[in-house]
Amino acid sequence: MDYISTRGKVGNIGFIDAFMMGLGNDGGLLVPNEIPVISTETLQQWEQLSYQELVMAIFSYYTNGEIPEEDLKQMVEASYSTFRHDEVTPVRKLYEGTYLLELFHGPTFAFKDIALQFMGQLYSYVATKYNKKIHILGATSGDTGASAIEGVRGKEGIKICILHPHGKVSKVQELQMTTVQDDNVLNLSVDGNFDDCQRMIKELFADLDFKSANQLAAINSINFVRIMAQTVYYFYAYFRVKQETSVERVNFSVPTGNFGDIFAGYLAKRMGLPINKLILATNENNILERFVQEGVYMPGEFCSTYSPSMDIQVASNFERYLYYVLNEDAAQVRKLMEHFKTEGEIVLPPELLSKVQADFSAHGVMGQECLDTISDYKTKADYLLDPHTACGVAAVEKCAGTGEVTVSLATAHPAKFDEAIRLCGIEQQFPEQIAILFNKQQRQKRIDAELSVVADELVKFYNS
Ligand SMILES: *Cc1c(COP(=O)(O)O)cnc(C)c1O
């Protein structure tokens, strides 16, 4: 399998090249030139696999034979040995017909670890095998930063710089990123919001001279490897629920920000996994909810919410989905993205909107509804949802039909978002790994949201 860009000017490149390119050199996003379709017989064989075995089975379709099986296996074992649950992503019943897929058992207590533990291994592999220097650059609304840093801290040949919006991530998220003392880590705390951070790094990646002079590498979900790694748990969860309920088709409800996680679900569906509806849950930053309801993709006013990892207006993975909605017509994607850049919106014609609505339903969960959902499930199910997961669960109540079975993605542990949990009048006990962060020293640099400032900081850091 080769990789091509959604804007048609990059291709056909191999797996490692796509991984290292991150954002397509033409400004588009990289996608497989053909989505592998898994037969029903193969799906049946996969039902019994462990999480790690399933990773191997799925990745083998995407890695283009570029990584010897033994090496890949070692990386996969190492990636998931850091998880606290032996199933990696266990599924548990919340109430009749609704299941939670717990994705937060990795080192930083959020689902980003699932892809980023593996990407840390893969960057390290490439750095060693090809004797390359790798400078990872990323923007975070909170969880990606901590996960990515955890994946590569102290690793030979790798430096990582993460931009986060100053004061707009939770306390625990900030501590997880900034208490790491390894010299290969730089945290820039930007006076702006996540969209400012993401826009600046996208501009740096789009500056091809700067990108190659500084050996930039991407960990955000613009990197296809993240999407690939996240498809695995859709399969895993489907098999668990099928074994328990015997249903053939399930819904997935996904707390959504950058459209990365739910795009992984869409990809799983295109690969042949019998997914009924993908339920897209947002918070007040509901550009994607409006897109599903009305076919209009137009960023609105940025809003800080109880679920900060979803506080995103411009969802970078949206372009991947657009490419498939437009039947893989790269010229059309390019045209629409250029229109978006100048006019600030994309409007789909009715026949395409009905295609979108066949794949997705959507619900925007407002602040009080999020807190009520947390309180409600604490009382009636004795389960403490984090505010992102609560958005997903609230959307199940709105969007799932009677008799349907839904898996709702539990994207973070509640300890990461104690601010919201306290507002529900709930006191929680922090896991040891989080409790100890409060006594550690922080390292970060506060900067203005200006491209030239970021570029200067990077050059200094890479040459240090
Ligand atoms: C990143 C994140 C999300 C949103 O995922 P996307 O891939 O950006 O849509 C949801 N919940 C949590 C806890 C996250 O960290």
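Data block above holds the structure.
Residues numbered from 1 in each chain as written. Predicted model: local features only at pLDDT ≥ 70, side-chain atom pairs only at ≥ 80, totals over all residues. Heavy atoms only, no water.

Novice: Whenever I open this one, the pairing of strand S5 (residues 134-139) confuses me. Can you help?
Specialist: Along any regular strand, the residues point their side chains to alternate faces of the sheet. Taken across its six residues, S5 has six buried, putting it largely inside the fold. On S5, burial covers both faces: Ile134, Ile136 and Gly138 on one face and His135, Leu137 and Ala139 on the other are all buried. Looking at chain direction, S5 and strand S6 (residues 158-165) are connected through six bridges and run parallel. Paired with Leu137 across the bridge in S6 is Cys161. Handedness of the crossover joining S5 and S6 through helix H6 (residues 143-152): right-handed. Taken together, the three bridges between S5 and strand S8 (residues 216-218) define a ladder with parallel strand orientation. Counterpart to His135 in the pairing with S8 is Leu216. (Buried < 20%, exposed > 50% of the residue type's maximum accessible area, 1.4 Å probe, protein only. Helix = DSSP H or I, 4+ residues; strand = E, 2+ residues; numbered from the N terminus. Pairing = 2+ DSSP bridges. Right-handed = clockwise from strand over helix to strand, strands pointing away.)

Novice: Sorry if this is basic, but what is going on with the site of the ligand here?
Specialist: The ligand sits among 15 residues. The nearest are Lys112, Asp143, Gly257, Asn258 and Asp261. Between the ligand and Asp143 there is a distance of 2.4 Å, counted from an oxygen atom to a side-chain nitrogen or oxygen. Between the ligand and Asp261, the relevant distance is 2.9 Å, taken from an oxygen atom to a main-chain nitrogen or oxygen of the residue. Look at the ligand: alone it shows 380 Å² of surface, and the protein chains cover 98% of it. Each residue belonging to the shell around the ligand can be placed in one class, and the counts come to five nonpolar, seven polar and three charged. (Near = heavy atom within 4 Å. Polar contact = N/O pair within 3.5 Å; in protein donor to acceptor, adjacent residues only side chain to side chain. Areas by Shrake-Rupley, 256 points an atom, 1.4 Å probe, with all protein chains shown as cover. Nonpolar A, V, L, I, M, F, W, Y, C, P; charged D, E, K, R; others polar.)

Novice: Help me out: how do you make sense of the nonpolar core in this one?
Specialist: Taken as a class, soluble globular proteins show a tendency for nonpolar side chains to be buried jointly. Core analysis: the biggest nonpolar cluster contains 116 residues, and Phe118, Tyr123, Tyr234, Phe235 and Phe252 have the highest contact counts within it. Of all the elements, helix H10 (residues 224-245) adds the most residues to this core, at 14 residues. If we ignore the near neighbours within four places in the chain, the residues touching Phe118 are Phe59, Leu72, Met75, Val76, Ser79, Tyr80, Val225 and Met228. Grouped together as the second largest cluster of nonpolar side chains are 26 residues, Ala139, Val190, Leu204 and Ala218 included. (Core = buried A, V, L, I, M, F, W, Y, C linked by side-chain atoms within 4.5 Å. Contact = heavy atoms within 4.5 Å.)

Novice: Would you mind going over the packing of helix H8 (residues 194-206) against helix H20 (residues 451-462) with me for this structure?
Specialist: Each pair of packed helices gets described by two things: the angle between the helix axes and the distance between those axes. For the pair H8 and H20, the least separation of the axes is 10 Å and the interaxial angle reads 65°. For the element pair H8 and H20, the recorded crossing hand is right-handed. Taking contact as the criterion, the partners of Met200, Glu203 and Leu204 in H8 are, on H20, Leu451, Val454, Ala455 and Leu458. Classifying every residue of the contact of H8 with H20 gives six nonpolar, no polar and one charged. (Axes fitted to C-alpha atoms, helices over the stretch in contact; angles between N-to-C directions. Left-handed = near helix turned anticlockwise from the far one by under 90°.)

Novice: Explanation requested: unusual backbone geometry in the structure shown.
Specialist: If a residue is not glycine, its phi is most likely negative; likewise, a peptide bond is most likely trans. The omega torsion of the bond from Gly11 to Asn12 falls at -20°, within 30 degrees of zero and hence cis. Counting through the fold element by element, Asn12 comes out in the loop between strand S1 (3-5) and helix H1 (15-21). In this structure, Val88 takes a positive phi of about 70° despite not being glycine. Along the polypeptide, Val88 turns up in the loop between helix H4 (69-80) and strand S3 (91-95).

Novice: Even after reading the chapter, I still don't get the sheet that holds S8, so can you show me in this structure?
Specialist: Two strands in a sheet stick together by hydrogen bonds in their backbones, pointing the same way (parallel) or opposite ways (antiparallel). Overall, parallel pairing links the five strands, which are arranged S8-S5-S6-S7-S15 in an open sheet. Where the open sheet ends on each side, the last strands, each with one partner, are S8 and strand S15 (445-448). Averaged over all pairs of adjacent strands, the angle between strand axes in this sheet comes to 30°, irrespective of strand direction. Across four bridges, the pairing between strand S7 (residues 185-191) and S15 is parallel. Bridge assignment links Val190 to a residue of S15, and that residue is Ile447.

Novice: How do you make sense of the pattern of salt bridges when you look at a structure like this?
Specialist: Oppositely charged side chains are able to pair whenever their charged atoms sit close together. One pass over the full model with this rule turns up 18 salt bridges. With its nearest N and O atoms 2.7 Å apart, the salt bridge here joins Asp143 to Lys416. Of the two residues, Asp143 is situated in helix H6 and Lys416 in the loop between strand S14 (406-410) and helix H18 (418-423); the sequence distance between them amounts to 273 residues. Residue Glu369 is joined to Lys398 by a salt bridge in which the shortest nitrogen-to-oxygen separation is 3.8 Å. One end of the pair, Glu369, is in helix H16 (residues 367-381); the other, Lys398, is in helix H17 (residues 387-399), with 29 residues separating them in the sequence. (Salt bridge = Lys/Arg side-chain N within 4 Å of Asp/Glu carboxyl O.)

Novice: I would appreciate a short explanation of the pairing of S7 in the present structure.
Specialist: Among the seven residues that make up S7, six are buried, leaving the element largely enclosed by the rest of the structure. As paired strands, S6 and S7 are joined by six bridges and run parallel to one another. Following the sheet pairing, His164 is matched in S7 by Ser189. Taking the sense of rotation as the criterion, the β-α-β connection linking S6, helix H7 (residues 171-178) and S7 turns out right-handed.

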